[in-house]
Amino acid sequence: MNSFDLDMERVISIIEKRGAQRVGLQFPGGLKLRGLTVANEIQEKTGAVVYISGNPCYGACDVDYALRDCVDILFHFGHAEIEPLEKVVFIEARSNAEVIPALEQALKMLKGNSIGLVATVQHVHKLNEARDFLTKYGKRCVIGKGDSRIKYDGQVLGCNFSAARVNVDEFIYVGSGDFHPLGVALATGKRVIVADPTLNEAREANPEQILRQRHAVIAKALDVNSFGILVGTKKLQMRLSLAEKLCQKAKKKHLDAHIIFMNEITSGQLTQFRVDAFVDTACPRIAIDDVALFKKPVLSPIEFEIVLGERDWSKIKFDEILGGCNEEKTT
Ligand code: SF4
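Residues numbered from 1 in each chain as written. Predicted model: local features only at pLDDT ≥ 70, side-chain atom pairs only at ≥ 80, totals over all residues. Heavy atoms only, no water.

Peer 1: Could you give an account of the pairing of strand β4 (residues 73-77), with specific residues and numbers?
Peer 2: Counting buried positions over the 5 residues of β4 gives 5, a clear majority of the element. Relative to β4, strand β2 (residues 22-26) runs parallel, the two sharing 4 bridges. Among the inter-strand pairings, Gly24 is bridged to a residue of β4, identified as Leu74. Across 4 bridges, β4 lies against strand β5 (residues 88-91) in parallel orientation. Paired with Phe77 across the strands is Ile91, a residue of β5. (Buried < 20%, exposed > 50% of the residue type's maximum accessible area, 1.4 Å probe, protein only. Helix = DSSP H or I, 4+ residues; strand = E, 2+ residues; numbered from the N terminus. Pairing = 2+ DSSP bridges.)

Peer 1: How would you sum up the sheet that holds β2? Please name residues and give values.
Peer 2: Reading across from one edge, β3-β2-β4-β5 is the order of the 4 strands in this open sheet, with parallel pairing throughout. This sheet does not close on itself; its edge strands, each paired only once, are β3 (49-52) and β5. Neighbouring strand axes in the sheet, compared pairwise and without regard to direction, differ in orientation by 25 degrees on average. Along the sheet, helix α1 (residues 8-18) makes contact with β2, β4 and β5, crossing β4 at roughly 165 degrees. Packing against the sheet, helix α2 (residues 35-46) makes contact with β2, β3 and β4, and its axis sits at approximately 165 degrees to β3. (Axes fitted to C-alpha atoms, helices over the stretch in contact; angles between N-to-C directions. Contact = heavy atoms within 4.5 Å.)

Structure follows, in structure tokens:
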């Protein structure tokens, strides 16, 4: 069974060491259900007052600063730190699922000899075990180092596949879900086998369907005249200078373009703007995960370049926010 270790011993010890009297808790969707239990345990063991964030939380970029400013420590669960933040402690929620059964399946599907290993933070601590297992079967494994946005070797984010930029024949992604392995496949052009420890199965990530979907979104935006260029106000998602560049490019092509700042990008919020299409420079997952909800095309910056005729359709890939600078070019 897959469950997540919230490392409560560490949480309690940090509160005691720092003498924190007020503690904030922030959880992503899947872990929010455990919020009250965690709060009770902290209150009983330390006597601290606990406040829980009820806001959505999608990643380490999504810190509840209002809550942070009301407490001595904010524990942000489920994500690895992207950069150190005052008063914020990231508790990563590691999965305790066994990886070997899924890797046994994945091994049968491999065609190459050199294998890149990647995972989200929930499973990244299992990559050494995965390497040892595959090495026994004659595979050469590489666990790549990501850029400064990435805390652990082999770790990928939905907005950053830099740890997959290694010279290998193909990849094994340890984890569940499709977004990250598809991102790796599109970023590298290599085959990606998903070894899913939650379902105890292996499958090949096939980008065909998502590419068809993205091509349809781009096609709808080809003949439109006005664009809203969305800038996320969450600090580690904000790419204003990229938005400004895209806006200038649009204007050069005699298109109407406006920069719109937004904290939560939802289809409801977007209906308030009378433009024909949007470009999302905030979290790259939004345009893809919520595609069925949006009434107008929402493009990534890379897809917008295709609309403007500056990029070939075959060069489509997922947008990334690379480390060192969250204002980087789209190419
Ligand atoms: S920008 Fe999106 S994908 Fe990247 S860390 Fe934040 S929520 Fe995750």
